[in-house]
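# Geometric and topological summary
The chain contents come next:
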Amino acid sequence: MSERPQSRRPATFRLDDPGVVVVDAEDSGRAARGTVRITPEAEPAQLPAVIEPPVVVRRRFRWGTLFWAASGGLVLLALGLGVANLVQDLFARSESLGYVGAALAATAVLALVVTIGREVFGLARLATIEKLHQRASEVLASDDRAASRAVVGDLIKLAHQNPQLARARATLHRHESEIIDGADMIRLAERELMSPLDAEARRLVSQAAQRVSIVTAISPRAMVDMLFVFVAALRLIRQLARLYGGRPGTLGMIALMRHVIAHLAITGGVAASDSLIQQMLGHGVAAKVSQRLGEGVLNGLLTARLGLAAIEVTRPMPFAALPRPALADLAKDLLRKRDEENEA
């Protein structure tokens, strides 16, 4: 009957002891008598990363897009043919009328070309801002110095026409060679360039919310309320886009509205945040809303929520060094303004 092997007793030792030997896990050789072998464990960062296969998205052929493109082409051809026939008829009646018709047609074509150019420029500008936002987020995660310099340079080019940011641009140029970390450079650019713009954006959102609250509180018709809220929301989104460097046209506003609605859907819709609800319940603001402010404050809060989503979409940088505007702060301003008006 074999004897049970004796287990090794616990012992303490110093890492600088010459009897302590650090070996790899693959080393299967026997160590000298009296030595202590230590096998370090692999750190998670040194383990092989699992690379997932790229997801290939196959673009389906869209018959709807083909239909609208073909229909638009036919409409343009019909308009061009109609204008050409009209000019010919005018020349047949009178040479002076023909020249007037040709001049009006040329003016209309020139205006159409300029309008299309402005729409294309507005869409390109919005795409540039969206890419800047994404690039700044990537630099905050990677801390790449070269990428941060490129992002800050593009931000300065975007804001070079704003006289309010002249001092901020000078500060960034002065500290550009002193900051080593890329993430710190992005945070500095956000503090210098976005601070005055964020303050102005908050003022615009607060004013729009107060305006909607007042008008919808005294308006006798629900249709008037809906129309005014829609117009106020469009005006607010356009103001915020222009504030942060965008110049949206009609197509740009449609794209911005889609992005804002998508952002609202991702972040929880137009419902108030949990902190705002807790604040209203904890401080008795709900009673004030039901007694004094009614439906106007609710519409104002929804407008403010839409404005905050528009700030997230139109801002060329993510919120990293500066606090994100809170709906609760705008609600306090709205309630204080309405209380002052009721007391007056």
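Residues numbered from 1 in each chain as written. Predicted model: local features only at pLDDT ≥ 70, side-chain atom pairs only at ≥ 80, totals over all residues. Heavy atoms only, no water.

## Observations concerning the side chain of Arg-149
Put simply, the rule is: Going along the chain from the N terminus, every DSSP run of H or I of four or more residues is numbered as a helix, and every run of E of two or more is numbered as a strand. The buried label goes to any residue with under 20% of its type's maximum accessible area, the exposed label to any with over 50%, and the partly exposed label to all in between, with areas taken from a 1.4 Å probe on protein chains only. Here a polar contact is recorded for every N or O atom pair within 3.5 Å, except that within protein the pair must consist of a potential hydrogen donor and a potential acceptor, and residues adjacent in sequence are included only if both atoms are side-chain atoms. Contacts are assigned to residue pairs with any non-hydrogen atoms lying within 4.5 Å of each other.
Relative to the elements of secondary structure, Arg-149 occurs in helix 3 (residues 145-158). Among the residues examined, Arg-149 registers a relative accessible area of 15% and is labelled buried. Looking at Arg-149, its side chain comes within polar contact range of the side chain of Ser-148, at 3.1 Å. Excluding residues that lie within four positions of it along the chain, Arg-149 makes contacts with Glu-176, Ile-179, Ile-180 and Met-185.

## Things to note about a positive patch on the surface
Just so we agree on the cut-off: Only residues whose relative accessible area exceeds 30% and that form no salt bridge enter a patch; like-charged residues are grouped when within 9 Å of one another, and nonpolar side chains (Val, Leu, Ile, Met, Phe, Trp, Tyr) when within 5 Å. Each accessible area is a Shrake-Rupley estimate made with a 1.4 Å probe; only the visible protein chains count as cover when residues are assessed. A carboxyl oxygen of Asp or Glu within 4 Å of a side-chain nitrogen of Lys or Arg is what we treat as a salt bridge. Counting rule for charge: Lys and Arg are taken as positive, Asp and Glu as negative, and neither His nor the chain ends is counted. In plain terms, the charge of a residue is placed at NZ if it is Lys, CZ if Arg, CG if Asp and CD if Glu.
A cluster of basic residues, Arg-118, Arg-238, Arg-242 and Arg-247, forms a positive patch at the surface. Looking at where Arg-118 falls in the secondary structure, it is placed in helix 2 (residues 95-142). Residue Arg-118 is classed as exposed on the basis of its relative accessible area of 61%.

## Things to note about the pattern of salt bridges
On inspection of all chains with the given rule, the structure shows six salt bridges. Residues Glu-190 and Arg-315 are paired through a salt bridge, measuring 3.2 Å at the closest nitrogen-oxygen approach. You can see Glu-190 sitting in helix 5 (residues 182-218) and its partner Arg-315 sitting in the loop between helix 10 (295-314) and helix 11 (327-343), a full 125 residues away along the chain. Take Glu-190 and Arg-315: they sit in the same class, and that class is buried.

## Regarding the packing of helix 2 against helix 3
Stated precisely, the cut-off is as follows: Simply put, an axis is a line fit to the C-alpha atoms, just over the touching stretch for a helix, and the angle between two N-to-C directions goes from 0 to 180 degrees. If an angle is under 35 degrees, it is roughly parallel; if it is over 145, roughly antiparallel; if it lies from 65 to 115, roughly perpendicular; otherwise it is oblique. Crossing handedness: left-handed means the near helix sits turned counterclockwise from the far one by under a right angle, and right-handed means the same turn made clockwise. Three classes are used: nonpolar for Ala, Val, Leu, Ile, Met, Phe, Trp, Tyr, Cys and Pro, charged for Asp, Glu, Lys and Arg, and polar for all others, with Gly counted as polar.
Two elements in contact, helix 2 and helix 3, have axes separated by 10 Å at closest approach and are oriented at 150°. Classed by the angle they form, the pair helix 2 and helix 3 counts as roughly antiparallel. The way helix 2 lies across helix 3 gives a crossing that is left-handed. Here Arg-125, Ile-129, Leu-132, Arg-135, Ala-136 and Val-139 of helix 2 lie close against helix 3, whose contacting residues are Ala-147, Ser-148, Ala-150, Val-151, Asp-154, Leu-155 and Leu-158. Here the residues of the contact of helix 2 with helix 3 are counted per class, giving nine nonpolar, one polar and three charged.

## Digging into the confidence of the model for the protein
Threshold: pLDDT is a residue-level measure of predictor confidence that goes from 0 to 100.
Here the protein averages 77 in pLDDT, while 70% of its residues score no lower than 70. Mean pLDDT across the secondary structure elements of the protein bottoms out at helix 9 (residues 285-293), with 45, and peaks at helix 2, with 90. In the model, residues 270-275 has pLDDT below 50 throughout and makes seven contacts with residues more than four positions away in sequence or in other chains. Considering only residues more than four positions removed or in separate chains, one finds that residues 277-293, a stretch of pLDDT under 50, has 18 contacts.

## So, the packing of aromatic side chains
Put simply, the test is: Only centres within 6.5 Å qualify two rings of Phe, Tyr or Trp (six-membered ring in Trp) as a pair; their planes then separate them into stacked at under 30 degrees, edge-to-face at over 60, and tilted for everything else.
Throughout the structure, instances matching the rule amount to two aromatic pairs. Taking the centre distance of 5.3 Å and the plane angle of 75° together, the rings of Phe-91 and Tyr-99 count as edge-to-face. The partly exposed category is assigned to Phe-91, whose relative accessible area is 35%. On the accessibility criterion, Tyr-99 (51% relative accessible area) is exposed.

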